[in-house]
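Breakdown of the fold
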Amino acid sequence: MSNREYPYCFIKLGKLYYVYHSYKDVKKKEVCRYEFTNDEPFAFPIPAGSIAKLMADECGGHIVVKNATFNDYIRQGE
């Protein structure tokens, strides 16, 4: 199992990779904030699937699919 590879995604916007987002209510309007990095090792991995597509659509980015062993995937998210 430790050598089996699993797909995961990064969200990429130009040369930047998604790291984090948060939501805040400002005057009864929900506002979202996104953080990006230009250094792939700091990008946040997202499980492959519909949530990645929703997030990419919301921030205007596109999905980059990667494959890694489970342990490598966990290390990427730390």
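Below is a short write-up of the structure. (Residues numbered from 1 in each chain as written. Predicted model: local features only at pLDDT ≥ 70, side-chain atom pairs only at ≥ 80, totals over all residues. Heavy atoms only, no water.)

1. A word on the environment of Val19
The following threshold applies: Strands here are runs of E lasting at least two residues and helices are runs of H or I lasting at least four, both read from the DSSP assignment and numbered beginning at the N terminus. Any two residues having at least one pair of non-hydrogen atoms within 4.5 Å are treated as being in contact.
On the secondary structure map, Val19 appears in strand β2 (residues 16–26). As for Val19 and Ile74, which are separated by 55 residues in sequence, their C-alpha atoms are 15 Å apart. Ignoring anything within four residues of it in the chain, the contact list for Val19 reads Glu35, Phe36, Thr37, Phe42 and Phe44.

2. Observations concerning the side chain of Thr37
Selection criterion: Classification of residues uses two cut-offs on accessible area relative to the type maximum, computed with a 1.4 Å probe and protein chains only: under 20% is buried, over 50% is exposed, and between them is partly exposed. Nitrogen and oxygen atoms within 3.5 Å of one another constitute a polar contact, given that in protein one can donate a hydrogen and the other can accept it, and given that sequence-neighbouring residues count only through two side-chain atoms.
Among the secondary structure elements, Thr37 is positioned in strand β3 (residues 29–37). Take Thr37: its relative accessible area is 14%, and that puts it in the buried class. A polar contact of 3.2 Å, which involves the side chain of Thr37, links it to the backbone nitrogen of Asp39. With residues up to four places along the chain from it excluded, the contact list for Thr37 reads Lys15, Leu16, Tyr17, Val19, Phe42 and Ala43.

3. Focus: the environment of Phe36
Mapped onto the elements of the fold, Phe36 is located in strand β3. Separated by 19 residues in sequence, Phe36 and Tyr17 have C-alpha atoms that sit 5.2 Å apart. In this structure Phe36 touches Leu13, Leu16, Tyr17, Tyr18, Val19 and Cys59, once residues within four positions along its chain are discounted.

4. What to know about the pairing of β2
Quick reminder of the rule: Should DSSP find at least two bridges between two strands, the strands are regarded as paired.
As paired elements, strand β1 (residues 5–13) and β2 share two bridges and run antiparallel to each other. Along β2, the bridge assignment pairs Lys12 with Tyr17. Between the end of β1 and the start of β2, which pair antiparallel, lie two residues, with Gly14 showing a positive phi angle near 65 degrees. Bridge analysis of β2 against β3 gives nine bridges, and the strand direction is antiparallel. Bridge pairing in β3 links Lys24 to Val31. Count of turn residues in the β2/β3 antiparallel hairpin: two residues, of which Lys27 carries a positive phi of about 50 degrees.

Taken by themselves, the reported measurements are silent on function.
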